[in-house]
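Topology and contacts: notes
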Amino acid sequence: MDCKRASSLIMDYFDRNMDAMGQRDLDLHLKQCSLCRRDFQWMKEAIEGVESIQDWQAPEDFEIGIFKEIDLQYYRRQKPIYKSRVGMWAAASLYFAFLSIFFYLKYGTMHWETKIIALMKFVDLGNRIYGLWGLIGKVFGKIG
Amino acid sequence: MATLQDRDHKVIEEILKGNGERFHELIARYKNGVYSICLRMVKDREEARDLAQEVFIKAYYSLKGYNREYKFSTWIFKIATNLCIDHLRKRKAQTLSLDERLSMPYDAASAESVYFHRCNRDEINRVIDGLPEDYRILIILYHKEGLSYQDICQVLDLPMSKVKNRLHRARNMLKEKLREIKEEESGWTAKELQV
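No experiment lies behind these values; they were computed from the predicted model shown. (Residues numbered from 1 in each chain as written. Chains lettered and ligands numbered in written order. Predicted model: local features only at pLDDT ≥ 70, side-chain atom pairs only at ≥ 80, totals over all residues. Heavy atoms only, no water.)

Here we take up the overall build of chain B. In terms of helices and strands, chain B carries ten helices and zero strands. For chain B, the residues scored as buried account for 48% of the 195 residues in total. A separation threshold of at least 6 residues defines the contact pool for chain B, and within that pool the share at least 24 residues apart is 64%. Put simply, chain B shows about 9,900 Å² of open surface, and 50% of that area lies on carbon and sulfur atoms. (Helix = DSSP H or I, 4+ residues; strand = E, 2+ residues; numbered from the N terminus. Buried < 20%, exposed > 50% of the residue type's maximum accessible area, 1.4 Å probe, protein only. Contact = heavy atoms within 4.5 Å. Areas by Shrake-Rupley, 256 points an atom, 1.4 Å probe, with all protein chains shown as cover.)

Next up, the structure:
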């Protein structure tokens, strides 16, 4: 086994992801290769050192600083998202249901010619409102 | 028996129902880990404390967006890492001057330490601090905080291959750094002993 392969096995070793065959091959290589053996020892010491150091202790007033900044009632005041969304969808559905019933009762039972005339009147009304809106915009624009 | 993850999720549920006081349980559980990450990244106690507190404040107000598929520790370490990286980018952290090094908690230089072999803990801390920040965070998250590769990918938003390659490089740097420090110290001690 060459040193490149050994280097890869060393990484597997520190990943704790080594099978029995890999372990055997690595042990054999380390017995024979002083360079790899030395590298392995240094890396083992470094990594075991990292794993053994304790966490730094947070300062004593650490929590106090956090609780000064957060609002403990924040989530109590929040409406649950699912409730407000359900309410919103329910209201929208009811609105469209009523609107549909209204339009059906008003226009659904008409003769088809009357329907077309009603539609044209509606479109014409829409155009008039649009024109009026434009006029208002011009007037306010001039004043502004 | 409830796992740590289950207990964290239960506490979060309580907080979202309006019991904000329960947040102190999460702080107590993770404050040292978060503070350690911040201190190792920014190398300044005051800044580390402020950053670590900011991590928890941000986490508190983001609890609604917390995805329970992931461990809470992974999530909060992700917030900590991102805040530290942003902070370092703003500050453009340089290597510490000698004066600053002396103010670090592990580096109380005294006459005795000239003659005696320095505590291994100090050496390891110096070695970690000497790594570039991208590699330092990997060593801390994997070998110190015990996160898996998968967790680290989530924390750093990096693909698995990149995390593995970088960690391997970080280990090599760690090893070389330790060797340099030990050789430097043994040469230094030998010189003093000659005197």
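At the interface, 49 residues of chain B touch 36 residues of chain A. Around 4,300 Å² of area is buried between chain B and chain A when both sides are counted, 62% of it from carbon and sulfur atoms. At the boundary of chain B with chain A, the tally comes to four salt bridges. Its salt-bridge partner being Lys182(B), residue Glu45(A) comes within 2.7 Å of it at the nearest N-O pair. On inspection of chain B and its partner chain A, the count reaches 18 residue pairs in polar contact (both at pLDDT 80 or more). Where the side of chain B that touches chain A is concerned, the elements lending two or more residues are helix 1 (4-16), helix 2 (23-42), helix 3 (45-61), helix 7 (120-129), helix 8 (133-144) and helix 10 (160-194) of chain B. The element that contributes the greatest number of residues to the side of chain B that touches chain A is helix 2 of chain B, accounting for eleven residues. Grouping the constituent residues of the side of chain B that touches chain A by class yields 23 nonpolar, 14 polar and twelve charged. (Buried area = accessible area lost by both parts, 1.4 Å probe. Salt bridge = Lys/Arg side-chain N within 4 Å of Asp/Glu carboxyl O. Polar contact = N/O pair within 3.5 Å; in protein donor to acceptor, adjacent residues only side chain to side chain. Nonpolar A, V, L, I, M, F, W, Y, C, P; charged D, E, K, R; others polar.)

So, about helix 8 of chain B. All names here are of chain B. Of all the twelve residues making up helix 8, ten are buried; the element is thus mostly covered by neighbouring parts of the structure. Within helix 8, the full set of buried residues consists of Tyr-135, Arg-136, Ile-137, Leu-138, Ile-139, Ile-140, Leu-141, Tyr-142, His-143 and Lys-144. Positive phi appears at Gly-146, one or two residues downstream of helix 8, with a value of about 75 degrees.

In this structure, Arg16(A) is a non-glycine residue whose phi angle is positive, near 55 degrees. Here Arg16(A) lies in the loop between helix 1 (3-14) and helix 2 (20-32). On the basis of relative accessibility, which here comes to 61%, the residue Arg16(A) falls in the exposed class. The backbone of Lys43(B) shows a phi angle near 60 degrees, a positive value even though the residue is not glycine. Tracing the chain through its elements places Lys43(B) in the loop between helix 2 and helix 3. For Lys43(B), a relative accessible area of 13% gives the class buried.

What follows concerns the packing of aromatic side chains. The geometry of two aromatic rings is summed up by the distance between their centres and the angle between their planes. A full pass over the atoms with the stated rule returns 17 aromatic pairs over all chains. Of note, Lys164(B) hangs over the ring of Tyr149(B), and the distance from its end group to the ring centre comes to 5.3 Å. (Phe/Tyr/Trp six-rings, centres within 6.5 Å; stacked < 30°, edge-to-face > 60°. Lys NZ or Arg CZ within 6 Å of the ring centre and 35° of its normal.)

Once that is clear, we can look at helix 3 of chain B. The end-to-end C-alpha distance of helix 3 of chain B, which contains 17 residues, comes to 25 Å, matching closely the 24 Å that a straight helix rising 1.5 Å per residue would cover. Of the positions making up helix 3 of chain B, those classed as buried are Ala48(B), Leu51(B), Ala52(B), Gln53(B), Val55(B), Phe56(B), Ile57(B), Ala59(B) and Tyr60(B). On its buried face, helix 3 of chain B is in contact with helix 4 (62-69) and helix 5 (74-77) of chain A together with helix 1, helix 2 and helix 4 (72-91) of chain B. (Expected span 1.5 Å × (residues − 1).)

So, about the nonpolar core. Counting residues in each nonpolar core, the largest one holds 79 residues, and the members touching the most others are Phe23(B), Val34(B), Phe56(B), Leu63(B), Phe72(B), Leu141(B) and Leu174(B). With eleven residues, helix 2 of chain B is the single largest residue contributor to this core. With near-sequence residues (within four places) excluded, Leu63(B) lies in contact with Tyr75(A), Ile12(B), Ile15(B), Leu16(B), Phe23(B), Phe72(B) and Trp75(B). (Core = buried A, V, L, I, M, F, W, Y, C linked by side-chain atoms within 4.5 Å.)

Looking now at the confidence of the model for chain B. Residue and element names in this part refer to chain B. Looking at chain B as a whole, the pLDDT averages 82, with 80% of positions reaching at least 70. Ranking the helices and strands of chain B by mean pLDDT puts helix 3 first, with 95, and helix 6 (residues 111-115) last, with 38. Contacts from residues 96-119, a stretch scored under 50 in pLDDT, to residues over four places away or in other chains number 28 contacts. If you check the scores for this complex, the pTM reads 0.68 and the ipTM reads 0.72. (pLDDT = per-residue confidence, 0-100.)

Here we take up the environment of Lys164(B). Structurally, Lys164(B) is set in helix 10. A relative accessible area of 35% places Lys164(B) in the partly exposed class.

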